[in-house]
Every structure is written in structure tokens, then in C-alpha cells.
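# Residue-level structural notes
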Amino acid sequence: MPQDPMDFEWSYWVEWGRERILWLLAGHLLVSQMSRLLVEKYKPWCLMIYGMAACWLLLGIKGFAVILLHAAISFAVAQFQLSLLTWLCSLILLATLRIPAVEETKRRWYDTENEYYLLLFTVSVRCLFCTSFSLEYCWHAPSQKSSHSFPWMLAYVFYYPTFHNGPLVNFDEFRKQMGRQEAFSVKTNVIILIVGIIRIFFWWCLAELMIHLMYIHALYSSALPLESASYWALGGLALAQVLFFYVKYLVLYGVPGLLLQMDGLKPPALPCCVSLMHSFTKMWRSFDVGLHRFLVRYIYVPMGGSQSSLLGTLLSTALTFAFVSYWHGGQSYLWYWGALNWLGVIVENGTKRILSISLIQDLI
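Residues numbered from 1 in each chain as written. Predicted model: local features only at pLDDT ≥ 70, side-chain atom pairs only at ≥ 80, totals over all residues. Heavy atoms only, no water.

An unreviewed UniProt entry lists the protein chain under the name HHAT palmitoyltransferase, with Calcarius ornatus given as the organism. Turning to the protein chain, the UniProt record has this under Subcellular location (unreviewed entry): "Endoplasmic reticulum membrane". (UniProt positions renumbered as here; feature names shortened; annotations may be inferred.)

## So, the environment of T122
Inspection of the secondary structure assignment puts T122 in helix 5 (residues 113-139). Residues T122 and G166, 44 residues apart in the sequence, show an inter-C-alpha distance of 9.0 Å. Those residues in contact with T122 that lie beyond four places of it in its chain are L59, I67, F163 and H164. (Helix = DSSP H or I, 4+ residues; strand = E, 2+ residues; numbered from the N terminus. Contact = heavy atoms within 4.5 Å.)

## Describing the environment of V39
Of note, V39 is situated in the loop between helix 1 (8-38) and helix 2 (43-78). The exposure class of V39 is partly exposed, given its relative accessible area of 35%. Along the chain, V39 and L243 lie 204 residues apart, while their C-alpha atoms are 43 Å from each other. With residues near it in sequence (within four places) discarded, V39 still touches M34 and C46. (Buried < 20%, exposed > 50% of the residue type's maximum accessible area, 1.4 Å probe, protein only.)

## Brief notes about the packing of aromatic side chains
In the structure shown here, the tally under the stated rule is 36 aromatic pairs. When the ring of F133 is compared with that of F171, the centres are 4.8 Å apart and the planes differ by 75°; the resulting orientation is edge-to-face. One end of the pair, F133, is in helix 5; the other, F171, is in helix 7 (residues 171-178), with 38 residues separating them in the sequence. F171 matches F133 in its accessibility class, with the two residues each being buried. On the basis of an interplanar angle of 80° and a centroid distance of 5.0 Å, the ring pair of W284 and F321 is categorised as edge-to-face. (Phe/Tyr/Trp six-rings, centres within 6.5 Å; stacked < 30°, edge-to-face > 60°.)

What follows is the structure in C-alpha cells.
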């Protein structure tokens, strides 16, 4: 039975995974386990060299140069130790991805659109990693700068399991865990690997069944069936869509998460099932945990967060969602999506504040 071709993201990453990425991830696993077994002290640098070689092989020398240039510019700007300047640099680097002339130049580097999109997705995710490193560099004392050197930035930026699509791991967590030396057990790692592969294979089979049998994306991409459907049918279609999105990211984040575990790191928690969520706030906290930690640590809390005034909370939340919309591409529908999510979070938090008033609690 033919599959639903309308979900670009799933088809794209499955195709790349089968062709090259899974093989490169297997290579990373081999290098990681050998370095943990033989040269634990030099594991970060072994993985850095492998990640750079994998990037060169997959994206070519020009793609590799673009990512290296982004890292070098971010590191140079971080030397001023000004968070605002670091953020300005990050936003400008993201903006360069959407300049038509630059886009056309990068397209000419490759034979197919898929290769160009791989570079685009990779650089977008690397921008977040560069931002995390640079802000941590700004916030740490001079005595701690040895653990925030340019080689450590390269080890972080070119760490291959999270290279193309995440999940996002903040630099302070990565540095702390990667620098930790601990007992290595081949037997334990083999068990973790086998159990992890079985779980991911089950999720992949479930996603493939959904995309071959349900045709969710083909239905919502056509106006005619949507106009003739009842409200109950539309609600069921929306639920099916978000459930597929959930299963898809169990696979897309499950594979790198398993490799993080094999490297002795603690990956961000996998997405929580959307059927268990009843609020915007929980959705943002527990679906993409790595992105949530990034947004809270580098935008929401520095802008005042929940500890500031009502206006300050509204502003910090608005800036957080504005960045999410901009990073995802900045198209008009993304701004609407971000605004609706911001409104949902504000209404929920406002309701909680009202319900926490003792008089209201007594009435309830």
C-alpha cells in the first residue's frame, strides 16, 4: 500500500537515515565506545574529530566551512562578554539563512534540493548550539574560561548525534557530563543498546503504519474533504495529526537520545504523549524538553520570567515565543502559531493566579 507522501519531515529524515545518516551514527557509536574503553580522557576530542569528518563527508567542504565560520564568529563575539551582543550576532546569523542571494549560492553547491535542505536544517540547529555556548561563555568567570575554550565549542557544535536535527542539549550540561570520567561497562552498554533499538524499531513501525494506513496529512492538505467533514471528524483528524507528530519525534529524538546514553550523557526526556496533556504550559515543558530548557535558561529567566511584574512576565513570554517563531522560519503562519501559544500560556497562568487568591479558593 502506498504511503501518505504529504508529511515532508518524516519522508525526508527516513530517506536520509537509510542512505547515510544511520551509517554515520553507527560510526559515531563505534568511535565513542572505543574511546571510552581505551582513551576515556580524550573522548570529547575523538568525537569532535569524527563529527567534523562526518559533516565534511555529508555536507561537503563548503557546508563544513559555513558551520565552522558560524562557530568562529559566535566565539569571537562572545569575547566581549555581552549577552545582548551575543544575541544580536545569533539573530543576524539566523537571518543570513533567509537572504535570497545566499540561498541561491548555497543551492548551487549541491546537486539536489534535499542536500541543500540538509545544510539549512543543520545550520539552523547549530545556531542554537553556538548561542548556548556563547551565552555560557559570557556568564562564567575568567577562572572558568578554560572549560569554555574554542576546542570545547567545536566538540559541542560538531557532536554528531545531535548534529542535524537535535535534540538540543545546553552547553553547561554537555560540558559537565562529557568531562566526567566514570566506570565503563560493556555489558551494561550492550543491554542499553539492544533495549533502545527494540523500542525505537517499535515506534518506527507504528509511525510507518500510521503514514501508510491513515493518510492524515493528505486529508488536511485538501480543502474539499475538510469542508464536508463534521466537527467531530475534524477533531479526530486534528488528534490523529498530533499523535503522529508525537510518534514521529519518539523516533527522531529517540535515536540520538540512545547514542547520548551510550556516550555516558543524559539526554533530554523524550516527548510526553500528547493525549496526556491538557494545557499549553505542559505541552511546552514536556514535548521538546531540550528546546524548553534552552528557552527558559537563555530568554525567559534573563528577561525576568515569572519573578518579575505582570508586564515583565508578559514581555518575557512574548519574546520567548517570538524567538521560537523566528527560528522555525519566520513565516506569517508561524507568527500566528506563536501568538496563539503565547495567548494560551498567558490565559492559563492568569487563571492560576486568580485561583490562588484565598478568597477565590474559599468560594470554590
